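# Descriptive structure summary
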Amino acid sequence: MMSQKNETIKIGNRLIGKGWPVFVIAEAGVNHNGNFDLAIKLIDAAAEAGADAVKFQTFRAEQVVTSTGKMADYQKRNIGKETSQLEMIRGFELKEDWYPALIKRAKEKGIIFISTPHGGMESVDFLESLNVPAFKFGSGDLTNLPVLEYAARLKKPMLISTGMSDLAEVKEAVEAVKNAGNDQILVFHCTTDYPCAPEFVNLRVMQSFMRELGTIVGYSDHTAGCQAPALAVALGACMIEKHFTLDRNINGPDHVASTEPKEFKEMILLLKKIPQDFEKAIQIIGVTPEAAEVLMGTSEKKSLPPELQYMSVARKSIVAARDIMAGEKFSVENLAIKRPGTGLLPKHFYKIIGAVAKADIKKDELIKKEDFA
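Residues numbered from 1 in each chain as written. Predicted model: local features only at pLDDT ≥ 70, side-chain atom pairs only at ≥ 80, totals over all residues. Heavy atoms only, no water.

Where helix H7 (residues 145–152) meets helix H8 (residues 167–179), the closest approach of the two axes is 8 Å, and the angle between their N-to-C directions is 35°. The two elements H7 and H8 meet at a crossing, and its hand is right-handed. Two secondary-structure elements touch here, H7 through Leu 145, Leu 148, Glu 149 and Ala 152 and H8 through Glu 172, Ala 173, Ala 176 and Val 177. (Axes fitted to C-alpha atoms, helices over the stretch in contact; angles between N-to-C directions. Helix = DSSP H or I, 4+ residues; strand = E, 2+ residues; numbered from the N terminus. Left-handed = near helix turned anticlockwise from the far one by under 90°. Contact = heavy atoms within 4.5 Å.)

Given below as structure tokens:
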């Protein structure tokens, strides 16, 4: 059991926690397709649908993935071609000079603008310079303890997704944030699959989080429809996040598994009606007890079969930030943390600073234990 639970967090002027209305994030992510006008339209549509926040991703492609990083199978399917992950995500950058106008538009529409610092510490610094009110971390960064600790020290709410992980990894991430002096934490239960089949939703994991983590809990949904998020609210989810698009037929990696404005609005109206009384909630949702039981699943938090294909693609490792010569000491200048997740875990980053490279290491190569003394 972890330390005493913090019962609420505050984002903008909204209190989030037990007894407060559920907070809904429209996850626009990269569904702007690198187009400013589409990003503006996503903000407008999210506000019109009644979302409390609209969320994008902040990164430059080179900060996220090495030149050898591969695309996930769902990305190949949804885009219709295969290239390197680096080339793919380069087209989905949200340009830095767009942010002031996007944040201004969100404010005008009465919706909170937040973003995932997907590019690591530089992205955290950039979002902090814009006074974005919370940091959301995707499942791929759950094991990236250095960036979690770095952001935690800024004392803003930390929203952390937990796909592809087991309970021990989730606890380690939460403890890292708390040890950095920040207890403003919401942990999202999440299954990393697009779309996620009902038998892998496992909403009971939220109850395990509530018992074990000492944080408030939300649910980041990748299912079709709104039954899973509605049941999550009935179980005590304080925040719901769901991918959002103007049109599922737009080409891109995430559109097909996203929710369109009309159904997003319908979901929000439903979520507002859900009591934290499970039997009453089932009746309001219109889900059969048998179907609800499938969505409830197990309370055991572990990596699931459909998630295994994503772990190496989405998680991150310690890599060479530039060419490193034999005999050179590792430093924060010559090391970085990027995809793929097939190398040394990011939590070892500061532990190997000062170690000496045994041989030449090329830029973007994964750092291995045998590389240093």
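Now for the packing of aromatic side chains. For the structure shown, the criterion picks out eight aromatic pairs. Ring centres of Tyr 99 and Phe 126 lie 4.9 Å apart, and the angle between their planes is 85°; this geometry places the pair in the edge-to-face category. A residue pair is termed long-range when its members are at least 10 positions apart, and Tyr 99 in helix H5 (residues 99–109) and Phe 126 in helix H6 (residues 121–129) qualify at 27 residues. Where Phe 349 meets Tyr 350, the ring centres are 5.1 Å apart and the plane angle is 90°; that geometry is what we call edge-to-face. (Phe/Tyr/Trp six-rings, centres within 6.5 Å; stacked < 30°, edge-to-face > 60°.)

Once that is clear, we can look at the layout of surface pockets. Of the voids in this model, the largest pocket is the one considered here, and its volume is about 480 Å³. As for the largest pocket, its lining consists of 24 residues, of which Gln 63, Glu 122, Leu 335, Ala 336 and Ile 337 are closest to the centre. For the lining of the largest pocket, the elements supplying multiple residues, two or more each, are helix H2 (61–64), H6 and strand S12 (335–338). For the lining of the largest pocket, the leading source of residues is S12, giving four residues. (1 Å grid on protein atoms, 1.4 Å probe; cavity = no way out; pocket = protein on both sides within 12 Å on 5 of 7 lines; lining within 4 Å. Points joined across faces, edges and corners; volume = space filled by probe spheres on them.)

Before going further, it helps to spend a moment on the side chain of His 255. Along the chain, His 255 turns up in the loop between strand S10 (239–243) and helix H11 (261–271). One polar contact links His 255 to Asn 33, side chain to side chain, over a distance of 2.9 Å. At 2.7 Å, the side chain of His 255 and the side chain of Thr 245 are in polar contact. Not counting the four nearest positions on each side in its chain, His 255 is found in contact with Asn 31, Asn 33, Thr 245, Asp 247, Arg 248 and Ile 250. (Polar contact = N/O pair within 3.5 Å; in protein donor to acceptor, adjacent residues only side chain to side chain.)

Turning next to empty space enclosed by the protein. The full count for this structure, using the stated rule, is two cavities of 30 Å³ or more. Each pocket or cavity is described by its volume, and for the second largest cavity that value is around 50 Å³. Lining the second largest cavity, in full, are His 189, Cys 190, Thr 191, Phe 200, Val 201, Asn 202, Val 205, Glu 300, Lys 301, Lys 302, Leu 304 and Glu 307. Of the residues belonging to the lining of the second largest cavity, the class tally is five nonpolar, three polar and four charged. (Nonpolar A, V, L, I, M, F, W, Y, C, P; charged D, E, K, R; others polar.)

Mapped onto the elements of the fold, Asp 125 is located in helix H6. We classify Asp 125 as partly exposed; its relative accessible area is 37%. Considering only alpha carbons, one finds Asp 125 and Ala 151, 26 residues apart in sequence, at a separation of 8.5 Å. (Buried < 20%, exposed > 50% of the residue type's maximum accessible area, 1.4 Å probe, protein only.)

What follows concerns the pairing of strand S3 (residues 23–29). Across the seven residues that make up S3, a large majority, seven, are buried. Bridge analysis of S3 against S10 gives five bridges, and the strand direction is parallel. Across the sheet, Ile 25 pairs through a bridge with Glu 241, a residue of S10. With four bridges connecting them, S3 and strand S4 (residues 53–58) associate as parallel partners. What sits directly across from Gly 29, in S4, is Phe 56. This β-α-β element, S3 to helix H1 (residues 36–49) to S4, shows right-handed connectivity. (Pairing = 2+ DSSP bridges. Right-handed = clockwise from strand over helix to strand, strands pointing away.)

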